[in-house]
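Single-letter residue listing:
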Amino acid sequence: MSELRGIYGVFRHPDDLIHAASKTTERNYESWDCFTPYPVHGLDPAMGLSRSWLPWVTLTFAMIGLTTAVTLQVTIMGFNWPMNFGGRPFIAFPDFVPIMFELSVLFGGLSTFFGVFLSQGMPNLKPTIIDKRFTDDRFGLWIGADNEGFDPDEVKQFIQELGADEVLEHREDSE
Amino acid sequence: MAVEQVYGTPVLNEKKGPLGGPRWDREPLVLNGRTFHQITEDVCAPLERMPSLPWIIAFGFALLGAAIFGSVIVSGTLFTGMGMHGVNHPTGWGVHIVNFVFWIGIGHAGTLISAVLFLFRQKWRTGVNRSAEAMTIFAVMTAGVFPAVHVGRAWFVYWMLPYPNHRYLWPNFNSPLVWDIFAISTYATISIFFWYMGLVPDFATVRDRAIHPLRKKIYGLLSLGWTGSNRAWRHWEIACLILSGLATPLVLSVHTIVSFDFATSIVPGWHATIFPPYFVVGAIFSGFGMTLTLLIPMRSWLKLEDYITMNHLEATNKILLATGMIVGFAYSTEFFMAAYSGSHWEGFIFRNRAFGTYWWAYWIMFSCNAFVPQIFWFKKMRRSIPVMFVVSLLVNVGMWFERYVIIVTSLTQDFLPQNWGLYVMSPFDWGLTIGSFGWFFMFFLLYCRTFPTVAIAEVKSVHNPDDGAGVAAQHPQGAH
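Residues numbered from 1 in each chain as written. Chains lettered and ligands numbered in written order. Predicted model: local features only at pLDDT ≥ 70, side-chain atom pairs only at ≥ 80, totals over all residues.

1. Side note on the overall build of chain B
To keep things clear, this is the line we draw: Working definition: helices are DSSP H or I runs of at least four residues, strands are E runs of at least two. Numbering for both runs from the N terminus. C-alpha atoms define the radius of gyration, and 2.2 Å times the number of residues to the power 0.38 defines the globule rule. Here, residue contact means that the backbone-derived C-beta atoms of the two residues sit within 7 Å.
Check the secondary structure of chain B and you find 16 helices and two strands. Its C-alpha atoms give chain B a radius of gyration of 24 Å, within 12% of the compact-globule value 23 Å for 480 residues. Principal axes of the C-alpha set define a box for chain B whose edges measure 80 × 50 × 40 Å. Put simply, 81% of the contacts in chain B that link residues at least 6 apart link residues at least 24 apart.

2. Some remarks on the overall build of chain A
As a reminder, the rule being used: Around each residue's C-beta, the other C-beta atoms within 10 Å are counted; 20 or more make the residue buried, 12 or fewer make it exposed, and counts in between make it partly exposed. All C-beta atoms are placed from the backbone.
When you go through chain A residue by residue, the secondary structure sums to five helices and four strands. Ordered by position from N to C terminus, the α and β elements of chain A give β-α-β-α-α-α-β-α-β. Taken over the C-alpha trace, chain A has a radius of gyration of 25 Å; the compact-globule value for 175 residues is 16 Å, which it surpasses by more than 25%. Based on the C-alpha atoms only, the size of chain A along its principal axes is roughly 80 × 35 × 30 Å. A burial count over chain A gives 38% of its 175 residues as buried.

3. Concerning the interface of chain A and chain B
To keep things clear, this is the line we draw: For this classification, Asp, Glu, Lys and Arg are treated as charged, while Ala, Val, Leu, Ile, Met, Phe, Trp, Tyr, Cys and Pro are nonpolar and the rest, including Gly, are polar.
Opposite the 56 residues of chain A that make contact, chain B presents 47 residues. When residues of the side of chain A that touches chain B are traced back to their parent elements, those giving at least two are β2 (32-35), α2 (43-46), α3 (54-80) and α4 (93-119) of chain A. The greatest single-element share of the side of chain A that touches chain B, amounting to 17 residues, is contributed by α4(A). By residue class, the composition of the side of chain A that touches chain B is 34 nonpolar, 14 polar and eight charged.

4. Observations regarding the sheet that holds strand β1 (residues 2-11) of chain A
All names here are of chain A. We count it as follows: Only when DSSP finds a minimum of two bridges between them are two strands counted as paired. As a rule, the C-alpha atoms of each element are fitted with a line to give its axis, helices using only the stretch in contact, and angles between N-to-C directions run from 0 to 180 degrees.
Here we have four strands laid out as an open sheet, ordered β2-β3-β1-β4, and antiparallel in their pairing. Lying at the two open borders of the sheet, with one neighbouring strand each, are β2 and β4 (166-173). Pairs of neighbouring strands in the sheet enclose a mean axial angle of 25°, with direction left out of account. Bridging between β2 and strand β3 (residues 139-144) involves four bridges; their strand directions are antiparallel. Residue pairing across strands places Trp 32 opposite Ile 143, the latter belonging to β3.

5. Some details on the pairing of β1(A)
Residue and element names in this part refer to chain A. In this sheet, β4 lies alongside β1 in antiparallel orientation, the contact comprising eight bridges. By the bridge assignment, Ser 2 is partnered in β4 with Asp 173. Here β1 pairs with β3 via six bridges, running antiparallel. Counted as the bridge partner of Val 10 is Gly 140 from β3.

6. Some words on the nonpolar core
Here is the rule: We define a nonpolar core as a collection of buried residues of the types Ala, Val, Leu, Ile, Met, Phe, Trp, Tyr and Cys that are connected via C-beta atoms lying within 7 Å of each other.
Grouped together as the largest cluster of nonpolar side chains are 176 residues, with contacts concentrated most on Leu17(A), Leu141(A), Ile104(B), Met135(B), Ala239(B), Val254(B) and Phe444(B). The dominant element in this core, judged by the number of residues it contributes, is helix α7 (residues 230-263) of chain B, at 17 residues. Excluding anything up to four places from it in sequence, Met135(B) contacts Ile106(B), Gly110(B), Met290(B), Thr291(B), Leu294(B) and Phe444(B).

7. Considerations on the packing of helix α5 (residues 176-209) of chain B against helix α6 (residues 213-222) of chain B
Residues and elements named next belong to chain B. Rule in force here: Each angle is binned into one of four classes, with values under 35 degrees roughly parallel, values over 145 roughly antiparallel, values of 65 to 115 roughly perpendicular, and all other values oblique. Each crossing gets its handedness from the near helix: less than a right angle anticlockwise from the far helix is left-handed, clockwise is right-handed.
In the contact formed by α5 and α6, the axes pass within 8 Å of each other and the chain directions differ by 160°. As the angle between them shows, α5 and α6 are arranged roughly antiparallel. Crossing angle aside, the handedness with which α5 passes α6 is left-handed. In contact with Phe 203, Val 206 and Arg 207 of α5, α6 contributes Lys 216, Tyr 219, Gly 220 and Leu 222. Tallied by class, the residues present in the contact of α5 with α6 amount to four nonpolar, one polar and two charged.

8. Side note on helix α10 (residues 344-355) of chain B
All names here are of chain B. To keep it simple, the criterion reads: Residue count minus one, scaled by 1.5 Å, sets the expected span of a helix. Each direction from the helix axis to a C-beta atom contributes to the arc, which is the arc of those directions.
Compared with the 16 Å implied by 1.5 Å per residue over 12 residues, the 16 Å span of α10 between its first and last C-alpha is a close match. Residues of α10 that are buried: Glu 346, Ile 349, Phe 350 and Arg 353. On an axial view of α10, the arc spanned by its buried residues comes to 90°, and they lie on one face. Exposed residues lying more than 90 degrees from the buried face of α10 are His 344 and Phe 355. Residues of α10 that are buried sit in contact with α9 (310-341), α11 (359-371) and α13 (385-412).

9. Here we look at unusual backbone geometry
Most peptide bonds adopt trans geometry, and most residues besides glycine take a negative phi value. With an omega dihedral of 0°, the bond running from Met122(A) to Pro123(A) counts as a cis peptide bond. Counting through the fold element by element, Pro123(A) comes out in the loop between α4 and β3. The peptide bond linking His89(B) to Pro90(B) adopts the cis configuration, its omega dihedral lying at 0°. Here Pro90(B) shows up in the loop between α2 (53-80) and α3 (95-119). In the Ramachandran plot, Arg121(B) falls in the positive-phi region, its phi being about 55° despite a non-glycine side chain. Here Arg121(B) shows up in the loop between α3 and α4 (125-150). Exposure remark for Arg121(B): the 7 C-beta atoms within 10 Å place this residue in the exposed category. With phi around 60°, Leu224(B) is a residue other than glycine that occupies positive phi space. Mapped onto the secondary structure, Leu224(B) falls in the loop between α6 and α7. The buried category is assigned to Leu224(B), around which 21 C-beta atoms lie within 10 Å.

10. Considering the packing of α4(B) against helix α8 (residues 275-301) of chain B
Residue and element names in this part refer to chain B. Between α4 and α8, whose axes approach to 10 Å, the crossing angle comes to 125°. It follows from the interaxial angle that α4 and α8 lie oblique. Crossing of α4 over α8 shows right-handed handedness. Taken together, the residues of α8 that come into contact with α4 (itself represented by Val 128, Ser 131, Ala 132 and Met 135) are Met 290, Thr 291, Leu 294, Leu 295 and Met 298.

As structure tokens, this is what we get:
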């Protein structure tokens with residue numbers, strides 16, 4: 001028995017999707033999304049999405065990297081096993097700067113990468129691929145069946161009026 | 001509209017302006033009015049057909065080179081020892097460090113294209129960044145082999161890392177060689193993740209086209225379950241921006257730190273403050289040379305001329321011209337500094353470089369790097385495939401010899417004449433050098449067959465959606 005999971009409209013032009021998204025935002029759905037083959041500029045404000053919080057993750061981890069580098073080098077060179085290299089100070093701070101920089105970048109960069117994918121529920125070995133054209137040349141507007149007061153016929157008509165080329169149902173076998 | 005007609009200058013379109021007047025249009029980044037679907041088709045096609053004959057032949061040669069590379073390392077260095085190589089007193093740094101610096105330098109162009117040009121909003125980077133970044137990763141992989149071999153006991157190479165051990169030994173953090181380990185490994189890691197970041201949506205495109213279940217499975221795994229949801233794109237775009245912002249100072253730091261390996265010593269010819277910018281520019285120069293060497297055959301074999309257009313190649317040639325002149329300027333500055341410093345040893349080393357035992361290496365370096373790119377002052381030359389291919393090969397040769405000159409001339413004749421010697425490359429050294437090219441090309445050729453070689457999503461994002469299909473009809477003959 002297959003179950004209706006949601007209804008989606010297929011658009012040909014990104015501008016049509018932006019228009020449709022801004023209209024859908026007004027309806028305050030809980031579960032809806034846009035699917036595009038490339039990042040479409042102007043879609044985030046249309047969907048009511050704010051600027052990504054990702055830079056804060058990067059900054060936090062870059063600072064952790066910096067702290068790690070300082071701790072590592074100062075502890076080793078100054079306390080754990082101080083050695084005299086050509087009469088330099090044990091804690092020769094300028095010499096520690098390159099590794100401080102490298103570890104900040106390493107931690108910041110890795111956290112950025114993992115931040116994007118982990119926050120979006122990836123890696124996901126069984127993703128729901130609604131329509132294969134959304135990674136090629138079509139733009140999709142998805143409204144989930146789990147929204148409150150979801151009426152398939154009403155939603156279909158709504159998407160049709162937004163100018164979608166096709167309005168389709170997505171069904172999956174219930175387990 | 002043939003590609004040859006396009007001449008890289010803005011085209012006048014009468015009555016296309018906002019008020020009905022004339023409008024000058026730049027040449028589009030994607031030629032021949034491809035639609036979004038055609039972009040997907042064209043880029044994915046090489047992954048979905050059998051390899052062509054040129055690819056098989058090239059791959060055969062690359063495998064041969066990689067086999068030489070591996071057998072030299074395994075049979076020569078690991079089982080017999082460093083005596084198989086030409087390094088000996090006084091030249092303790094021979095072909096290994098030459099090749100290490102050379103290959104690290106090659107990598108720099110990829111990061112420059114994908115990160116620095118991203119920050120400068122250079123949209124043409126979208127056509128070439130994927131392959132340039134691939135080149136970076138394979139070049140760093142090749143470079144990383146050399147220090148491991150050069151330490152003599154490659155199985156103890158992990159001793160270079162700071163980890164708690166029963167010997168209570170730590171690396172010396174005052175040493176630029178330790179900075180190098182951190183710089184190179186950070187560079188390799190960030191490059192791989194930055195590259196993979198861009199690949200995820202494209203792997204999803206390949207997955208959704210796949211017919212064979214195994215192919216679907218493999219690319220499904222690689223795409224991490226990407227669906228093209230805008231909630232993910234929102235973070236993806238910011239992440240690309242952040243990674244560019246991180247990779248830009250990172251790439252400058254890497255070759256700066258490599259140059260510290262030399263500049264912090266007191267060897268004449270190495271002990272110079274000019275080294276960091278000189279090395280970074282040289283790295284970018286050599287990297288762009290290698291980019292051309294790889295992209296020219298690739299775009300023709302994979303039929304990507306509409307995406308890696310003549311304009312892309314011309315822009316690369318302009319960078320080669322500019323960086324080539326900076327490199328030439330640095331060579332001359334070194335002579336000025338040697339004369340102006342009044343240091344006897346410094347002056348001797350530079351006279352010796354240009355007119356001593358290794359004069360031939362010096363002049364190969366100088367002419368290939370400073371003189372040959374001057375041909376790119378002429379637009380016809382910048383847009384001629386045979387010319388730029390030959391120049392790119394000469395740039396590779398010249399930049400290899402730059403590292404050879406720096407290392408060998410300074411070490412063979414330093415302060416005391418009784419300490420002098422000559423450096424002769426043994427057959428094993430030649431095998432290692434030539435083999436490293438095979439090793440590098442092997443990875444690149446495999447990449448060409450299995451990865452989307454043009455960033456599909458990024459090309460689409462700089463492509464005007466109204467430009468596809470209709471363009472040919474709207475602008476019939478030679479409109480752009």
